[in-house]
Amino acid sequence: MDSCEVVHRRNASVVRSRMSDQVETYSRILDLGKVISLLEDPLTTHLQERHIFVLKKLLKRKQGGFLLRELASITRILNVCGEKAKMHPEYCRILCEALNISRLPFLKEKMSDEVHYAEDVKRFLSRMGYLMTVPDSQVRRQVVASVKSFYSCAAPVPASLDDPQPTSPGYRLQLLERSDLAKTLFLSIAALEREPAVKLLLLQTLQMLSSTSDKNCALMLSVRGAESVCLRMNEPDASGMILFHSTEILWNLLDRGNGAEAAGQLNSLECATSLKEAFTRAVLNSSRQADLQVRNDLLVLTTLFAQNSSALLMESLFAKQLVALSTFPELAGRGDSLAGRLKLTFNMEDLQMKKLLLNLLVVMSRDPAAIPIFKEEQVILALLTLARPPAPAPEGKVGYRDWSPVQVEELQLQALAVLATVGPLMLDHYMSCYGNVELLHLLDWCATEDGYGGQGHSFHATGGRGSKKAHLRYSIRLMRSVTSLADAALNQDLCDQGTIHLLLGLLMEMESAPGEEDALAVEMKSDMQMIISALCQGDVHKKELFGVDGVEMTIHFLRRGAGMFYSGLGHNKLLLSSLVCLRTCVVGCFTTEDCFLGRDGVLVLLDLLNSSPKNLHGVVLSTLLELCDNQNTVPQLLIWSDGDGVTAPSLLLRLWRREEQELGIERNQHGGILDPRLPVLAHRISGDGRPTSNLETASASVLEMQENLLAKIYLIFCTIAPAPAGPHPSRSGLGFHDLPGLSVKDRVTLSIVKRYLDFKVSELWEEITRELQLEDVRPVTPDLEILHAARHMSQRAAEAAVAEQEEILRRSARDAGREEELVYREMKSHWKQRQLRAKSWSNFVSRTSHYDVLREIKEKREKHVEAIRTQLPNAKEVGRHPEEVYLGRLLVEARSRARGGGVKLKVLQTPVMAAAHLEAMRAPREPDYFDAVVVAKAGCQSLGKIAK
């Protein structure tokens, strides 16, 4: 016998003895490590029968589920079996049985197993996805079924607490998101072209994965899942479910995934064509409820597609098809077109399709290339027809089918909303279809009481249940959108048909209506005011049509003030629209201006300026400045005052100081100029000395005059303040004298205001100088002298302002000192009077309680009378009693609020008893007291002059 044959037999006997030992061992404990050795050992890798026997026995013992600590070994076993199944189909049964067991929850022996073996679970789930490469239909079906069961399979109840417990319900799903199972399953779609049943199951599973997890959607998008699904949705399918599931997957990818990334994957002409084919097939084969839902879902996807790449819809001719469908059934479609073959049953799915098509018009209108298609398909005419007031069903027609009243309301409101967007883009077609006539007819219908009550079911009908409020709201919004373009022909046509009076009547009727004002009512009022402003702007005749009723309306809304400016209901827009209405419909027409001023309109504006927030001051001041061209405005400005006695000039100066503070202009404690070199310059210079403006932009000083309130306040002072006396008043002091109700701080601020123009001119020269230095440009000598002269002029103006402010403060200090001295002297007089009263009372008590004192006083009086009688030259005066002496006391009454009223003074006289008078006559005089009385009288006279 050959030695080689002996060796071979010996090795075979060794292998057989080793296998017999391993089988005995497996029958006892079935160690997974040894099973893996059996499958991977080069000496035993060809023993398929042994493999199948051991694996069947292993899986038989794992019918309750896999332990978490065993998943790593199970994964290796599945990997080996998957590789062997490609050559040996008998392993497919083992894979199917293992996948069937994996449908059950994994088992944990300890509470920490879920965290400790998380990576093993992720690798196991990923290996399940790779088993889709096994060329066996049953294995693929089982993989898909196992993954699908993760969302519905219930865990078996363990026999006792000592047995391994199932993992928590969401544990496997959380780890599934972290694995690449979703991506692997998605990539396997291409391998299932010849297995439509398995492909349908896979699409169902992918729909489930994408609808429950954003991470799964991201994994699918990482392999261009949106594009792949879109291009495969039109594959032949007798059941029609492939299109349904593909649509759902696309929707999930756009909704739950990265929408921009998904839209970018769909941004191709092939995807647009695929959507067109799928939609056409869904429209023509819409016999079932599921087909109608698919059709509407495809419209939603098309809308999302059009938001990013509407041009591709034009190139694929899909846009023309959609626009034609949107005009059906209002306009009859051609028989050969898709609209001509569409059969509507007027159910809810058809209503949703109609609403989606109308919404698609708004999306496509953003592309100018869609406007010619709109004109060709007569979109404006179809929308106006749809927006007409609802009419009753025709009589005498049996089986008449049309939209229900609730559906008509929804479509009518949406048509008005679409017209508000599309109408301004096609004004010529809007006018040719008599859009203004239709709109005014709709407004008349909204204003009439015919018992119509809106259902309020749709989004556009919010707040309009039981009334025509929603119809009125969208009709007004449509009119505002077409009038905002300032088209002369369109606005004139509206005015000729009485739109101004119609809107004024609607506006005041809504204002006088009982009930609480909501956001929709405020919005409509604001829109109507903006429409009236657009119609009247720049036309005196239309302002006259605005008339007294319009002025009353404007004043009414201005009187409401800014108390609800931040209410969140839109009162800020209503107040701003009222001011815009005032500027465009009242200012510039003598009739409406005089009517406004005759109803104290300026006082209303000043009240609004006093109570409104800062962001409204610019509009109010601009309106006041324009009204100052009317000579009747100034008297109302000068007589205004608030409840605290603040006058209009004082209010304007307070706004000036607040604006300076916000601009960062430094002032001293009295509001005076702190640095004469920068009298009105804000922080417009950077840290390196470079100005914030350059040669390519406008001057910062000029732009600042447009942005802040200083220039407006200065111009109002120049207009309203009376000019000083004299034949040649100075330009810097024009109109800033004898203003009522100014405090010392106001007069200091006023000295800056009246030189504002000089300061700004000097500031411009300084800016020019800095720019020349920045560009290293030296002016010629004459120009340089002009720059130096301008700088000196600014410095002299600032020094003059500082000197005037110091004089104002000194004069104020002197006046305050005089007033304080007068007060102290009056206090001294009062104290002396109290002493005299006390002394008089003491003398009176002594006379009434001591007879000797009374007799002594009587004797002294008789002697005094006798002495006086001997001195009298005229005998007729003999026997007269001495005149009683009175001490005067000054009382200051309330200050008069009328201009020139001043301070009212009153002198009270207090009699002093004769005995006290005689005692005072004998006593030596006190010059300080009598001087105080004389000075008090003189001070009262001078105080009255100052108040006047």
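Summarised in this report is the structure supplied together with it. (Residues numbered from 1 in each chain as written. Predicted model: local features only at pLDDT ≥ 70, side-chain atom pairs only at ≥ 80, totals over all residues. Heavy atoms only, no water.)

1. A short note on the overall build of the protein
Turning to step 1, where the next piece is worked out: Across its full length, the protein carries 43 helices and four strands.
Turning to step 2, where the next piece is worked out: Taking the contacts inside the protein whose residues are at least 6 apart along the sequence as the reference set, 74% of them involve residues at least 24 apart. (Helix = DSSP H or I, 4+ residues; strand = E, 2+ residues; numbered from the N terminus. Contact = heavy atoms within 4.5 Å.)

2. A short note on the packing of helix H25 (residues 469-483) against helix H28 (residues 519-536)
Turning to step 1, where the next piece is worked out: Remark: H25 packs on H28, axes separated minimally by 9 Å, with the N-to-C direction vectors making an angle of 30°. Taken together, H25 and H28 sit at an angle that is classed as roughly parallel. Handedness of the crossing formed by H25 with H28: left-handed. From H25, Lys469, Leu472, Arg473, Ile476, Arg477, Met479, Arg480 and Thr483 reach across to H28, where they touch Leu520, Ala521, Glu523, Met524, Asp527, Met528, Met530, Ile531, Ala534 and Leu535.
Turning to step 2, where the next piece is worked out: Residue composition of the contact of H25 with H28, grouped by class: 11 nonpolar, one polar and six charged. (Axes fitted to C-alpha atoms, helices over the stretch in contact; angles between N-to-C directions. Parallel < 35°, antiparallel > 145°, perpendicular 65-115°, else oblique. Left-handed = near helix turned anticlockwise from the far one by under 90°. Nonpolar A, V, L, I, M, F, W, Y, C, P; charged D, E, K, R; others polar.)

3. Some details on the packing of helix H4 (residues 71-85) against helix H5 (residues 91-101)
Turning to step 1, where the next piece is worked out: One can describe the packing of H4 onto H5 by two numbers: an axis separation of 8 Å at closest approach and a directional angle of 145°. Two packed elements cross with a definite hand, and for H4 against H5 that hand is left-handed. Across the interface between the two elements, Leu78, Cys81, Gly82, Lys84 and Ala85 of H4 pack against Tyr91, Cys92, Ile94, Leu95 and Ala98 of H5.
Turning to step 2, where the next piece is worked out: Looking at the contact of H4 with H5, its residues break down into eight nonpolar, one polar and one charged.

4. So, the environment of Gly618
Turning to step 1, where the next piece is worked out: In this fold, Gly618 is placed in helix H33 (residues 617-627).
Turning to step 2, where the next piece is worked out: Through-space distance from the C-alpha of Gly618 to that of Leu710 is 9.9 Å; in sequence the pair is 92 residues apart.
Turning to step 3, where the next piece is worked out: Excluding its chain neighbours within four sequence positions, the residues that come into contact with Gly618 are Leu709 and Lys712.

5. Examining a nonpolar patch on the surface
Turning to step 1, where the next piece is worked out: A cluster of nonpolar side chains, Leu757, Val761, Trp765, Ile768, Ile786 and Met793, forms an exposed patch at the surface whose accessible area comes to about 460 Å².
Turning to step 2, where the next piece is worked out: Every element with two or more residues in the nonpolar patch is listed here: helix H39 (756-774) and helix H40 (781-849).
Turning to step 3, where the next piece is worked out: Among the elements that take part in the nonpolar patch, H39 stands out by supplying four residues, more than any other.
Turning to step 4, where the next piece is worked out: Within the secondary structure layout, Ile786 lies in helix H40.
Turning to step 5, where the next piece is worked out: Under the relative-accessibility criterion, Ile786 is labelled partly exposed at 44%. (Patch = residues over 30% accessible without salt bridge, like charges linked within 9 Å, V, L, I, M, F, W, Y side chains within 5 Å. Areas by Shrake-Rupley, 256 points an atom, 1.4 Å probe, with all protein chains shown as cover. Salt bridge = Lys/Arg side-chain N within 4 Å of Asp/Glu carboxyl O. Buried < 20%, exposed > 50% of the residue type's maximum accessible area, 1.4 Å probe, protein only.)

6. Description of the environment of Gly82
Turning to step 1, where the next piece is worked out: Position of Gly82 relative to the elements: it lies in helix H4.
Turning to step 2, where the next piece is worked out: Through-space distance from the C-alpha of Gly82 to that of Leu131 is 6.3 Å; in sequence the pair is 49 residues apart.
Turning to step 3, where the next piece is worked out: Ignoring any residue separated from it by four or fewer positions in sequence, one finds Gly82 in contact with Leu95, Leu131 and Val134.

7. Considering the nonpolar core
Turning to step 1, where the next piece is worked out: Residues Phe374 and Phe596 are the most contacted members of the largest nonpolar core, which totals 230 residues.
Turning to step 2, where the next piece is worked out: Tallying contributions element by element places helix H17 (residues 289-315) first for this core, with 10 residues.
Turning to step 3, where the next piece is worked out: Apart from the residues lying within four places of it in its own chain, the contact partners of Phe596 are Val551, Ile555, Leu558, Leu582, Val586, Gly601, Val602, Leu605 and Leu627. (Core = buried A, V, L, I, M, F, W, Y, C linked by side-chain atoms within 4.5 Å.)

8. Examining the side chain of Gln142
Turning to step 1, where the next piece is worked out: Residue placement: Gln142 occurs in helix H8 (residues 137-149).
Turning to step 2, where the next piece is worked out: Residue Gln142 is classed as buried on the basis of its relative accessible area of 17%.
Turning to step 3, where the next piece is worked out: Residues in contact with Gln142, not counting those within four places in the same chain, are Cys96, Leu99, Asn100 and Arg103.

9. Section: the packing of aromatic side chains
Turning to step 1, where the next piece is worked out: Per the stated rule, a full pass over the model turns up nine aromatic pairs.
Turning to step 2, where the next piece is worked out: Relative to Phe124, the ring of Phe66 has its centre 6.2 Å away and its plane inclined at 65°; by these criteria the two rings are edge-to-face. Linking Phe66 in the loop between helix H3 (48-60) and H4 with Phe124 in helix H7 (residues 118-130), this pair joins segments that are 58 residues apart in sequence.
Turning to step 3, where the next piece is worked out: On the basis of an interplanar angle of 55° and a centroid distance of 5.9 Å, the ring pair of Phe279 and Phe318 is categorised as tilted. Here Phe318 lies in helix H18 (residues 318-326) and Phe279 lies in helix H16 (residues 269-284), a separation of 39 residues in the sequence.
Turning to step 4, where the next piece is worked out: Look at Phe279 and you get buried, because its relative accessible area is 0%.
Turning to step 5, where the next piece is worked out: Members of the aromatic cluster, connected to one another through ring pairs, are Phe66, Phe106 and Phe124.
Turning to step 6, where the next piece is worked out: Here the basic side chain of Arg172 rests over the ring of Phe106, its NZ or CZ set 5.5 Å away from the ring centre. (Phe/Tyr/Trp six-rings, centres within 6.5 Å; stacked < 30°, edge-to-face > 60°. Lys NZ or Arg CZ within 6 Å of the ring centre and 35° of its normal.)

10. What to know about H4
Helical geometry: 3.6 residues make up each α-helical turn, so side chains three or four residues apart lie on a common side.
Turning to step 1, where the next piece is worked out: Between its first and last C-alpha, H4 extends 20 Å over 15 residues, near the 21 Å set by a 1.5 Å rise per residue.
Turning to step 2, where the next piece is worked out: Burial analysis of H4 places 11 of its 15 residues in the buried class, the great majority of the element.
Turning to step 3, where the next piece is worked out: Within H4 the residues assigned to the buried category are Leu71, Ser73, Ile74, Thr75, Ile77, Leu78, Val80, Cys81, Gly82, Lys84 and Ala85.
Turning to step 4, where the next piece is worked out: Contacts made by the buried residues of H4 are with helix H2 (32-40), H3, H5 and H7. (Expected span 1.5 Å × (residues − 1).)

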